[in-house]
Amino acid sequence: MYQVETHDARTLSQADVREIAELIVKVWPNPEKPFEYRMQQVANLGRGAVPSDAQAPRSVIVRAEGRVIAHAAITPREIGTSAGPMTVAALAMVCSDPAFRGHGLGELVVREILVPVDQSIFPFALFQTSPPIKPFYEKLGACVANNRIVNSLAEDPQAYPFWNEVVMRYPQDREWPEGEIDLRGPGY
């Protein structure tokens, strides 16, 4: 049976950070982002300014037989919009162990990590994905954010800050600002 846990990312144990990083390396092997890089990336989830404890960064972990087999995270991210600044849930690090694919773990961690959005603690989640994964998120109630995305703090502020071509927002049934979205930081 699966054990689902929601953690405040500021208090993740070193063992959990290690296991999440191991899973990420397994799912997305990349010599330019080795295990140590992923460890730091996961540890950094809990660092930085937090608007409120309700908007604290979170990790959802699924375990089987004592090991992490799925993960998703959100962190608060203030973005610039045509309607003014907005703190969104930056969805990231959604992954499941390839040996457990087809068991609904991706849906499980995403639905659980988006609870603060469903409770209006965040107005939206904003994230990137690839075209083959887009239908997965659409099935969960997300839609494409067709806005131009920039990072005003980058060396080239007009350069596209994400590495995947599809930017999505959740939920699809709330009024989303038109116009440019400024991530005010690097892609995630």
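I will try to describe carefully the structure that is included in this document. (Residues numbered from 1 in each chain as written. Predicted model: local features only at pLDDT ≥ 70, side-chain atom pairs only at ≥ 80, totals over all residues. Heavy atoms only, no water.)

### Here we look at the layout of surface pockets
Its volume calculated, the largest pocket comes out at about 1,300 Å³. Top element by residues in the lining of the largest pocket is strand 4 (residues 84-96). It accounts for seven residues. Of the residues assigned to the lining of the largest pocket, the class counts are 26 nonpolar, 15 polar and seven charged. (1 Å grid on protein atoms, 1.4 Å probe; cavity = no way out; pocket = protein on both sides within 12 Å on 5 of 7 lines; lining within 4 Å. Points joined across faces, edges and corners; volume = space filled by probe spheres on them. Helix = DSSP H or I, 4+ residues; strand = E, 2+ residues; numbered from the N terminus. Nonpolar A, V, L, I, M, F, W, Y, C, P; charged D, E, K, R; others polar.)

### Some thoughts on the packing of aromatic side chains
Here the structure, examined in full by the defined rule, presents six aromatic pairs. Measuring from ring centre to ring centre gives 4.7 Å for Phe 124 and Trp 176, while their planes differ by 80°; the resulting arrangement is edge-to-face. Here the residue Phe 124 occupies a position in the loop between helix 4 (115-118) and strand 5 (125-129), and Trp 176 occupies one in the loop between strand 8 (166-170) and strand 9 (181-182), the gap between them amounting to 52 residues. Of the two residues, Phe 124 and Trp 176, both sit in the buried class. (Phe/Tyr/Trp six-rings, centres within 6.5 Å; stacked < 30°, edge-to-face > 60°. Buried < 20%, exposed > 50% of the residue type's maximum accessible area, 1.4 Å probe, protein only.)

### Let's talk about the pattern of salt bridges
Taken as a whole and judged by the stated rule, the model has twelve salt bridges. With a shortest N-O distance of 3.8 Å, Arg 63 and Glu 19 are connected by a salt bridge. One end of the pair, Arg 63, is in strand 2 (residues 58-64); the other, Glu 19, is in helix 1 (residues 14-27), with 44 residues separating them in the sequence. Take Arg 63: its relative accessible area is 10%, and that puts it in the buried class. Of the charged contacts, one joins Asp 97 and Arg 67 as a salt bridge, the two residues approaching to 3.0 Å between their closest N and O atoms. Pair noted here: Asp 97 is in the loop between strand 4 and helix 3 (105-113) and Arg 67 is in strand 3 (residues 67-81), with a separation of 30 residues, a long-range link. The class of Asp 97 is buried, set by a relative accessible area of 1%. One network of salt bridges, in which partners are shared, links Glu 5, Asp 16, Glu 19 and Arg 63. (Salt bridge = Lys/Arg side-chain N within 4 Å of Asp/Glu carboxyl O.)

### Re the packing of helix 1 against helix 2 (residues 35-43)
At a closest axis distance of 8 Å, the pairing of helix 1 and helix 2 adopts a crossing angle of 125°. Taken together, the axis directions place helix 1 and helix 2 in an arrangement best described as oblique. For the crossing formed where helix 1 meets helix 2, the hand is right-handed. Contacts between helix 1 and helix 2 pair Gln 14, Val 17, Arg 18, Ile 20, Ala 21, Glu 22, Ile 24 and Val 25 from the former with Phe 35, Arg 38, Met 39, Val 42 and Ala 43 from the latter. (Axes fitted to C-alpha atoms, helices over the stretch in contact; angles between N-to-C directions. Parallel < 35°, antiparallel > 145°, perpendicular 65-115°, else oblique. Left-handed = near helix turned anticlockwise from the far one by under 90°. Contact = heavy atoms within 4.5 Å.)

### Details of the side chain of Arg 77
Relative to the elements of secondary structure, Arg 77 occurs in strand 3. No salt bridge is formed by the buried Arg 77, whose closest oppositely charged neighbour, Asp 182, lies at an N-O distance of 7.4 Å. Of the polar contacts made by the side chain of Arg 77, one reaches the backbone oxygen of Pro 186; its length is 2.7 Å. Filtering out sequence-adjacent residues up to four positions away, Arg 77 remains in contact with Met 86, Thr 87, Val 88, Ala 90, Leu 183, Arg 184, Gly 185, Pro 186 and Tyr 188. (Lys, Arg positive; Asp, Glu negative; His and termini not counted. Polar contact = N/O pair within 3.5 Å; in protein donor to acceptor, adjacent residues only side chain to side chain.)

Note that all results are geometric; they support no functional claim without further evidence.
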